[in-house]
Amino acid sequence: MSIVIKTPEDIEKMRVAGRLASEVLDYITPHVQPGVTTEELDRLCHEYMVKEQGSIPAPLNYQPPGYTPYPKAICTSVNHVVCHGIPGPKPLKRGDSVNLDITIIKDGYHGDNSRMFLVGGEAAATIQSRRLAQITYECMWLGIAKVRPGARLGDIGHVIQRHAENAGYSVVREFCGHGIGKKFHEEPQVVHYGRPGTGVELREGMIFTIEPMINAGKAAISELPDGWTIITKDRSLSAQWEHTVLVTADGYEVLTVSAGSPAPYLPAQA
Ligand code: MF3
Ligand code: CO
Ligand code: CO
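Bear in mind that the values here come from a model prediction, so they are computed numbers and not experimental data.

Asks: With reference to specific residues and values, describe the site of ligand 1.
Replies: What surrounds ligand 1 is a group of 14 residues, the closest being P59, H178, H185, E211 and E242. Between ligand 1 and D112, the relevant distance is 3.0 Å, taken from an oxygen atom to a side-chain nitrogen or oxygen of the residue. Here the residues of the shell around ligand 1 sort into six nonpolar, four polar and four charged.

Asks: Describe in detail the sheet that holds strand β11 (residues 221-223), supporting the description with residues and values.
Replies: Strand order in this open sheet of three strands is β3-β12-β11, and the pairing throughout is antiparallel. Edge positions in the open sheet fall to β3 (81-83) and β11, since each of these has one partner strand only. Averaged over neighbouring strand pairs, the angle between their axes works out to 40° when direction is ignored. In this structure, β11 lies alongside strand β12 (residues 230-232), joined through three bridges in antiparallel fashion. The partner of I221 across the bridge, within β12, is T232.

Asks: An account of the packing of helix α1 (residues 8-28) against helix α2 (residues 38-53) is requested, with residue identities and associated values reported.
Replies: Contact geometry for α1 and α2: axes closest at 10 Å, N-to-C directions at 130°. Between α1 and α2, the angle is such that the two are oblique. Considering the relative orientation of α1 and α2, their crossing is right-handed. Residues L20, E23, V24, Y27 and I28 of α1 touch α2, and the partners they reach there are L41, L44, C45, Y48, M49 and Q53.

Asks: So what about the sheet that holds strand β6 (residues 170-171)? Which residues, and what values?
Replies: Across a sheet, paired strands are connected by hydrogen bonds in the backbone, their directions being either parallel or antiparallel. A sheet is described by the order of its strands in space; here three strands give the open sequence β6-β10-β13, paired in antiparallel fashion. Both edges of this open sheet fall to β6 and β13 (238-240), since each of them pairs with a single strand only. In the sheet, strand β10 (residues 213-215) pairs with β13 via three bridges, with the strands oriented antiparallel. The partner of I214 across the bridge, within β13, is A239. Here helix α3 (residues 127-145) sits on the sheet in contact with β10 and β13, set at roughly 40° to β13.

Asks: So what's going on with the environment of S2? Residues and values would help.
Replies: Within the secondary structure, S2 is located in the segment before α1. Taking the C-alpha atoms as reference points, S2 and E187, separated by 185 residues in sequence, lie 6.2 Å from one another.

Asks: Give a detailed account of the coordination of the cobalt ion (ligand 3), specifying residues and quantitative values.
Replies: Around the cobalt ion (ligand 3), the protein supplies D101 (OD), D101 (OD), D112 (OD) and E242 (OE) as donor atoms, at distances of 2.1 to 2.4 Å. Within one chain, the residues donating to the cobalt ion (ligand 3) are spaced in sequence as D-x10-D-x129-E. Here the cobalt ion (ligand 3) and the cobalt ion (ligand 2) are spaced 3.3 Å apart, linked through D112, which binds each one. Taken together, the residues span a long stretch of sequence, with D112 in strand β5 (residues 109-118) and E242 in the loop between β13 and β14 (243-247) at a distance of 130 residues.

Asks: Give me the pairing of strand β4 (residues 97-106): which residues, what numbers.
Replies: For β4, a buried count of nine out of 10 residues is recorded, marking the element as mostly surrounded by other parts of the structure. The sheet contact formed by strand β1 (residues 56-57) and β4 spans two bridges and is antiparallel. Paired with I56 across the two strands is I105, which belongs to β4. As paired elements, β4 and β5 share 10 bridges and run antiparallel to each other. The residue bridging V98 from the neighbouring strand is F117, located in β5.

Rules of the game
Residues numbered from 1 in each chain as written. Chains lettered and ligands numbered in written order. Predicted model: local features only at pLDDT ≥ 70, side-chain atom pairs only at ≥ 80, totals over all residues. Heavy atoms only, no water. Near = heavy atom within 4 Å. Polar contact = N/O pair within 3.5 Å; in protein donor to acceptor, adjacent residues only side chain to side chain. Nonpolar A, V, L, I, M, F, W, Y, C, P; charged D, E, K, R; others polar. Pairing = 2+ DSSP bridges. Helix = DSSP H or I, 4+ residues; strand = E, 2+ residues; numbered from the N terminus. Axes fitted to C-alpha atoms, helices over the stretch in contact; angles between N-to-C directions. Parallel < 35°, antiparallel > 145°, perpendicular 65-115°, else oblique. Left-handed = near helix turned anticlockwise from the far one by under 90°. Contact = heavy atoms within 4.5 Å. Donors = N, O, S within 2.8 Å, 3.2 Å for Na, K, Ca; no water. Buried < 20%, exposed > 50% of the residue type's maximum accessible area, 1.4 Å probe, protein only.

That is the geometry; function is a separate question.
Structural data, given as C-alpha cells:
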C-alpha cells in the first residue's frame, strides 16, 4: 500500500467528481428545514445524484473490513453525533445542528465533502452551536492553507488541533481525513492533530480530504449498536466540515467547490 500520485487525467476527473459532490450540498441546502426527516434528505440527495448527475452515492453498501454495509446514500450527523449518522425517520427541529456528508462517484472517481447546517437558521441556533460550527470551519481552512509540496501532514494536524483547543474544544482522534481517488479511502491517513514537521511529506499530485471532527466537550466517542453511528461519549455537541484537496506545484486546489460553496476562511497569517 502506498500513496497514489494522480496524473493530469486523474486530476481532471477528480475536479468533476469534487464539483458534483459540492453541488449535491448546494441542491439540498434549501431542504434542510425544521420538520424534514433525515431519510427525506437522503432520498432527495440519492435521486439528485442518480437522475440529475448520473453519479453514484459512494456510501450506499460501502463496507470497510469489520463493518456491516452502510444502508443509505449520505451521512446525516445531528447534534452530538460525530459522524456516520444514518438517515432515519426523526424530523429535524429548530436549533439542531446537522452535518451532511456527501460522497459521489463519477466516471470511477470519488468526490467527498460535508457542511454544517443550523436548522432554522443562525437565529435559531444556540451561541454554542454557532461558535462550534464556525471554529470547526476555521480549523478545516487553517489545515487546507498548510497544503503545499514539502509540507507535512503534522503541519495540518497541528494548526487544526491548536485552533480547536484554543477555543476550548477537543479533536476526535479515531477518525481522520484520507487519500481519495478511484478508492473512497486511500492512504494517507490525515489526522487532525499533531506536531509541525512530522508525518508524511506532501507531494504534487496527492489528493486527500481534510475533515476535522471537533467536540464542544471531551474527545472521547462511542459507537451506537447500529454499527455505524458515532456519538460523543459525554453527549456534547460535535461539528465537522470536509473538503477534498489537491496538492499543486505551489500550494493547493480545493476540488469540492461549486456555486454554493461557503467563502474560504483565509486569515492573512495562514
Ligand atoms: N464520507 C465519510 C468520509 O468523509 C465516510 C462515510 S463512510 C459511510 O470519509 F459508509 F458511512 F458512508
Ligand atoms: Co472523507
Ligand atoms: Co465525507
